[in-house]
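Topology and contacts: notes
Here's the letter readout for the chains.
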Amino acid sequence: MRIVVRANDARAARQGQTLLAAAGVNAAAVLSSAPAPQGEDISIYPALDGVAPAQSANDASLVRLIGCRAAAPPMIGLQQTAAFSGAVMLDGSPKLLAAQLEAWTRLATANDERARRAATAASFEVAPPAPADSRKLKALYIGAPSSMFLALERVLADVGGIVAAAFSSYAGFDHLHDEPFDAVVLNGAQDAQTAISLCAALRRNATLYHLPTMVIIAPGDSATAAASIERGASAVAEANTPCGPSLGWLFEAVRRERRRRAAEHEMLAYRDLLGDARTGLWRRDTFEAHLSRLASDHHSTGRSMSLAVLRVMPAHGARAPEESVWRKGFAEIASLASRLMRDADSGAAFGADLIAIALPASDLRSAKRTAERIASVAECTAFASGDGGAGPLVFEQSAVELQPGESGVGMLARALRALEVEAIPA
């Protein structure tokens, strides 16, 4: 995604650009009164001087963010400001800033794709899905008892939330697997290593990967603070000190994650309404219509878009299975492919051996990486051949990026030609 720093003066724009560069984020610096020459998807308005910025009339981005100081976070609570999508910490840890931008990129892509899927569904006269059920704000505290638990409990109670407590890591993970939480707070003031390990374990769990996390550290323990951020913590707070700024950044992560989950719920619901809920792939007719919409939208915005095609075949020398067995096995591969692509990606089966995957806001490298991931995992799975044996599979892969003026149908045809497959009749 194209990131632009907008400010009223060149000095402030360059300062924000420099801080983003330190986090490994490439951003253009643009004066607020000017349009972004290369387009923009995420705009950042630096507010390091404490002055609230005003949005530019030339801002055409998907997400508009305030670039705050670490000590001046957004408000505590679930309400977001009307003018901006959210905030990032410009002068904090470069690792944390990069993680925040990555999370906002996911949300921007999800919201954009949710709107597109709604339009495609409407074109097929498919009613929109029911929104996800709203639930009470809830956090989990894990670790030794401390005064920080009471402070956290008071803050959440003020905004209508509750805090559950688990005083061991084992009990904590039981809680996390039994019920949903908006955030987890790890007390590492007495046992820093356990808190760091727990923080890392959350990032290795597919269902808990995005869970906003705050780690409590001993006063002055910069090593644990850095290690926690490195392992995906959203905020760090020192024990026995006011944790207002840290809680402000934790709540910012909670608000962002709630919006991402809502977008994900609707995207998956539209996918199932327009396709096969069993495999997670779209029907061919709805996929082709959506692919055309994707190409048109990406042309108008200037964002990159890519497409991957995989052809599934028995390995060279392997015995071809019976047709009924192949259909069952191919359906299993299709289901696996849908779980290995992003929620914002859309896929469909073409014929008896082809799977096409459209990737919004992604370049050619992303399409190749997705195809390689699906192929590498699927090739390791056993394929029932019908007589109790197993037949290995191989995957031919093709990836293309949308070219100027190219239609979705043309893009698909180009990907198929790379596999020496002619366009398959509907």
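Anything mentioned here points back to the structure above.
Below is a summary of the structure that appears in this document. Quantities reported herein were computed from a predicted structural model and do not represent experimental measurements.

About the cut-offs
Residues numbered from 1 in each chain as written. Predicted model: local features only at pLDDT ≥ 70, side-chain atom pairs only at ≥ 80, totals over all residues. Heavy atoms only, no water. Helix = DSSP H or I, 4+ residues; strand = E, 2+ residues; numbered from the N terminus. Rg over C-alpha atoms; globule rule 2.2 N^0.38 Å. Buried < 20%, exposed > 50% of the residue type's maximum accessible area, 1.4 Å probe, protein only. Contact = heavy atoms within 4.5 Å. Areas by Shrake-Rupley, 256 points an atom, 1.4 Å probe, with all protein chains shown as cover. Lys, Arg positive; Asp, Glu negative; His and termini not counted. Charge placed at Lys NZ, Arg CZ, Asp CG, Glu CD. Pairing = 2+ DSSP bridges. Axes fitted to C-alpha atoms, helices over the stretch in contact; angles between N-to-C directions. Phe/Tyr/Trp six-rings, centres within 6.5 Å; stacked < 30°, edge-to-face > 60°.

For the rest of this paragraph, the subject is the overall build of the chain. Helices and strands together make up the secondary structure of the chain, namely 11 helices and 16 strands. Here the C-alpha atoms of the chain give a radius of gyration of 24 Å, agreeing with the 22 Å that 2.2 N^0.38 yields for 426 residues. When its C-alpha atoms are laid out on the principal axes, the chain stretches across 70 × 55 × 40 Å. Going through the 426 residues of the chain one by one, you find that 49% of them count as buried. Restricting to contacts in the chain with at least 6 residues of sequence separation, those with at least 24 account for 67%. Summing over all exposed atoms, the chain offers an accessible surface of approximately 19,300 Å²; the carbon and sulfur share of this is 54%. When the 42 basic and 45 acidic side-chain charges of the chain are each reduced to a single mean position, those positions are 2 Å apart.

Before going further, it helps to spend a moment on the sheet that holds strand 2 (residues 27-31). The parallel open sheet is built from five strands, whose spatial order is 2-1-3-4-5. At either end of the open sheet lies a strand with only one pairing partner, and these are strand 2 and strand 5 (86-89). Averaged over all neighbouring strand pairs, the angle between strand axes comes to 35 degrees, with direction disregarded. Where strand 1 (residues 3-7) lies against strand 2, five bridges are found, and the strand directions are parallel. Looking across to strand 2, one finds that V5 is bridged to A29.

Here the focus is the environment of R278. By secondary structure assignment, the location of R278 is in the loop between strand 11 (275-276) and strand 12 (281-282). The exposure class of R278 is exposed, given its relative accessible area of 61%. Taking the C-alpha atoms as reference points, R278 and S61, separated by 217 residues in sequence, lie 35 Å from one another. Setting aside anything within four residues of it in sequence, one finds R278 in contact with A331 and S335.

Looking now at the packing of aromatic side chains. Considering all chains together, one arrives at three aromatic pairs under this definition. Summarising the aromatic geometry, the rings of Y141 and F149 are spaced 5.3 Å apart at their centres and angled 65 degrees between planes, so their arrangement reads as edge-to-face. Given the relative accessible area of 0%, Y141 is considered buried. Look at F287 and F350: their rings are 5.9 Å apart centre to centre, the planes differ by 80 degrees, and that puts the pair in the edge-to-face class. Placement of the pair is F287 in helix 8 (residues 284-301) and F350 in strand 14 (residues 346-350), with a sequence separation of 63 residues. By the burial criterion, F287 is buried, and F350 matches it.

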